[in-house]
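Here's the letter readout for the chains.
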Amino acid sequence: MKFQHLFATALLVATAQAVEVAEKANLVTIENQSLRLAYNLKSGTYSGTDITSGVTVFSGAKFTVDESGWRQPEGATRKWNASKLDDEFGKGQKLTIVEKPNAGYRLTKALHISVYDNLPYAILGFSVINHQPLLARVARIGIIDKAKFLPGKKLTTPQVLRGGAGAERNRVENQLEIDAHNNLLVTGKIDGKRHSLVVGGLKYRDFLRRIQLDERKRGMLTVMIEDPQGKRIAPGATYDAVDTVFLDFSTADPFASLERYGLAMRTANKANPNPYDYPTLCGWLVSSGYGEGRHINDSKELVGQMELAKKSGILNYTPVAIRLEPDYYCNRNYGDTQQGWWDDAHWAKYKSLVPPYETFGKFCGKLHELGGIPFTYIQTNMPSNDFAIAHPEWMLNNDISRIHAEHRHHMPYVKFDFTDPGFQAHTLAMWKRLRKQGLEGIKFDYPESGWCLDGGFEDKSHTTTTAYRKIFELCREGLGKDAYIHERNLGEYGTPCLDVTAGIVDLQRVWADSSHFEPEMASRMGLRWYKNRSVFGYYPDGKSFKKMDIHARRTMLSLVGLISGRLELGTSFGSMKPEEQHDLTRLYPVLKGTQSFRPVDMLVEGREDPSVYVYNINPDWSQVIFCNNYDREHPVTAFEHVLPLLQSADVLFGHLEAPLAPDRGPGRQPALPSCPAGRPDRQHALFFRRPSPSTTTHRRVWPLGAARRLGTRHRRPDARRSAGLGARHTDH
């Protein structure tokens, strides 16, 4: 009993000391068993060290607020304090460094470093105190500014992966230089041992994140919290930022570190994206050249499609969503459209709602009666001219003086002001009305139009970021927590693709208008596996079955179904063949939870698109996807690096043209199965389980065709470049 009491006491002491804060000779440190961050009160710089390896990952980092390095003759006074933490991340301590300039115009600033007892990462935040008699607006916070990355160390085989969002490209790059938004992975080896850094946005509200690594400047690392407009701070006021940064340099395994980051981001933003556990028929896509080129994009035709879907029997396997897209564009009627009015009268005027379903209530009601899920669409910030004239006070800067100027359809000069209380009330009422009428999902087209670089807000407390978020917050409040909100951010006209809608939006699209399929579509989603399902869903635009043979179709369906989980259809139910519908139903139900297929070979040099994805069901059971991403046969040796994953595995189920057979070639372990024999040009989704007394029955999985570009891509006849703008025209 005495021994037990002593042991318990020792445990309490160890827990209490899990995070330690101390000062010695002007150096204040905060550390746990994994990491140490040390701030020099004299120089105003700090460093980060991985305790396990003893490697200093960065040093000489400054914490700056709108600074570029001007001399400060009188210097600054720096003080520190520590406080206990007990929040959603656990228990720990927060070290706060407060720096007040002794002269000049700089603001007083505070750096917050939070370290937890049992977590291998830190969370960085900040505050700004405006001690000046002037209004201040802070726009660029260097939370880690101009730090030396791995000082005195050589990182061999360096690789970086940007944290993509929307349609931004994100592939592993074999270099040590990058300028990325959202988040960043840096990985490589020091003296033969792997080291990794994962850093990026954690909690989002007022600012975006940007990370720069410049190898030409001796590996200079900068992590910024920034916004085009910045945050206003009144004289004498203190701004305690909600926005934070995740920092992990003690987890060597890049996969584990990224997955830990994704879950932390989910926690910080209270993200819980609704899974699209059904196919969505898009009225616009079917009507366009990407689909069938025949008009079905109105309420009557789409109800007819739902009737065909019900008759086909697909509802025995999965629900079906139907999306009506009221996409009347400004260049057709002197700039007058449905946008801003957003009511039955204007949707009917422009032939989106037609009898006998001339209201959204009738349209949604009939779809529900047939077992469908009603979706629709708006153009995010592209006001109808007649609406802007009726409500100039709801536009940016209360200004419609450029309404006469013709423009590219998604680049208007006159825009809504989503910070205006009157327009907010109008928009929220619209969402609540649509919810009452039965609407369940919405697609925001051209969300880039809502990214207002130049401000002009009625509510001056907003940043560009918060004004953008407000668009989606109003929708979430009006449609409810179970609604499906889709942000189609393609990064057009230089708009950054961002994670700032985390916790609000369910889905982002990763590709421009298309109905074909190609390997990078899978990798653009697959290389965000750590955020997929936990923070956002991702999908590669709609898909049409035309010009896809059985192998191409099943390849596309399997990769979209397993890696994405969201399928949008460009093939109507009136045209869908029985075998196509049969294959479609095999996708459902989709994977639930926060885990996604891990691209285990993403760091293999020379591999632009991952070829092997693994989903761990439990320690003894994994699902594996092999991908041939080439237009030619690929040798089975391409998969050698994952053969240890299959040790003692047996094929639980599958429909393979040839069985897995041991490769007894020179130097190979005969117990390890090779890739499917006989067809190395094919792609397979294989499900493995180690032998056990019991077995589980699951739906059958088919062999997959090569994941090269599948189907055809069409360009609208009016695709063009606009003189002087240099941005490619897109219609959807």
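These lines cover the structure that appears in this document, whether it is placed above or below.

What counts and what doesn't
- Residues numbered from 1 in each chain as written.
- Predicted model: local features only at pLDDT ≥ 70, side-chain atom pairs only at ≥ 80, totals over all residues.
- Heavy atoms only, no water.
- Axes fitted to C-alpha atoms, helices over the stretch in contact; angles between N-to-C directions.
- Helix = DSSP H or I, 4+ residues; strand = E, 2+ residues; numbered from the N terminus.
- Parallel < 35°, antiparallel > 145°, perpendicular 65-115°, else oblique.
- Left-handed = near helix turned anticlockwise from the far one by under 90°.
- Contact = heavy atoms within 4.5 Å.
- Salt bridge = Lys/Arg side-chain N within 4 Å of Asp/Glu carboxyl O.
- Expected span 1.5 Å × (residues − 1).
- Buried < 20%, exposed > 50% of the residue type's maximum accessible area, 1.4 Å probe, protein only.
- Polar contact = N/O pair within 3.5 Å; in protein donor to acceptor, adjacent residues only side chain to side chain.
- Pairing = 2+ DSSP bridges.
- Phe/Tyr/Trp six-rings, centres within 6.5 Å; stacked < 30°, edge-to-face > 60°.
- Right-handed = clockwise from strand over helix to strand, strands pointing away.

### Focus on the packing of helix α8 (residues 421-437) against helix α9 (residues 464-479)
Here comes step 1: Relative orientation of the contacting elements α8 and α9 amounts to 40°, with a least axis distance of 7 Å. When the interaxial angle is binned, α8 and α9 end up oblique. By crossing handedness, the relation of α8 to α9 is classed as right-handed. Taken together, the residues of α9 that come into contact with α8 (itself represented by Q424, T427, L428, W431, K432, L434 and R435) are K470, L474, C475, E477, G478 and L479.

### Re the environment of G361
Here comes step 1: Positionally, G361 belongs in helix α6 (residues 360-370).
Here comes step 2: Note: C-alpha distance between G361 and R433 (72 residues apart in sequence) is 9.3 Å.

### Quick look at the pattern of salt bridges
Here comes step 1: All told, the structure shown has 43 salt bridges when counted by the stated rule.
Here comes step 2: The closest approach of N and O atoms between R140 and D145, which form a salt bridge, is 3.2 Å.
Here comes step 3: As a salt-bridge pair, R216 and E177 come within 2.8 Å of each other at their nearest N and O atoms. Of this pair, R216 sits in the loop between β15 (208-214) and β16 (220-233) while E177 sits in the loop between β11 (156-162) and β12 (178-181), and the two are 39 residues apart along the sequence.

### Some remarks on α8
Here comes step 1: With 17 residues, α8 ought to run about 24 Å at 1.5 Å a step, and its terminal C-alpha atoms sit 24 Å apart, in line with that.
Here comes step 2: If you check which residues of α8 are buried, you get F423, Q424, T427, L428, M430, W431, L434 and Q437.
Here comes step 3: Tucked into the core, α8 has its buried residues touching α5 (344-349), α6, β21 (372-379), α7 (385-390), β22 (441-445) and α9.
Here comes step 4: Capping of α8 at its N-terminal end is provided by D420; its side-chain oxygen lies 2.8 Å from the backbone amide nitrogen of G422.
Here comes step 5: Where α8 ends, the next residue or the one after it, G438, has phi of about 110°, a positive value.

### Re the sheet that holds strand β26 (residues 568-569)
Here comes step 1: In space, the eight strands of this open sheet follow the order β25-β24-β23-β22-β21-β20-β19-β26, with parallel pairing throughout. Each edge of the open sheet is held by one strand with a lone partner, namely β25 (537-539) and β26.
Here comes step 2: By the bridge criterion, four bridges tie strand β20 (residues 320-323) to β21 in an arrangement that is parallel. Opposite V320, over in β21, you have G372 as the bridge partner.
Here comes step 3: Sheet strands touched by α6: β20 and β21. Its angle to β21, the strand with the most contacts, is close to 145°.

### Brief notes about the packing of aromatic side chains
Here comes step 1: Scanning the entire structure with this criterion turns up 38 aromatic pairs.
Here comes step 2: Centre to centre, the rings of Y278 and F375 are 6.2 Å apart; their planes meet at 85°, and the pair counts as edge-to-face. Taken together, the positions of Y278 in the loop between α2 (254-269) and β19 (280-282) and F375 in strand β21 put the pair 97 residues apart, joining distant regions of the chain.
Here comes step 3: Taking the relative accessible area as the measure of exposure, F375 reaches 2% and is therefore buried.
Here comes step 4: The interplanar angle of 40° and the centroid separation of 6.0 Å between the aromatic rings of W284 and Y290 together place this pair among those described as tilted.

### Quick notes on the pairing of strand β23 (residues 484-487)
Here comes step 1: The two faces of β23 match: Y484 and H486 on one face and I485 and E487 on the other face are all buried.
Here comes step 2: Here β22 pairs with β23 via four bridges, running parallel. Residue I442 lies in a different strand from β23, and its bridge partner there is I485.
Here comes step 3: Viewed along the sheet, the connection from β22 through α9 into β23 turns out right-handed.
Here comes step 4: Two elements, β23 and strand β24 (residues 507-509), share two bridges in a ladder whose sense is parallel. Considered in β24, the bridge of H486 is made with L507.

Remember that the coordinates give geometry; whether it matters functionally is a separate question.
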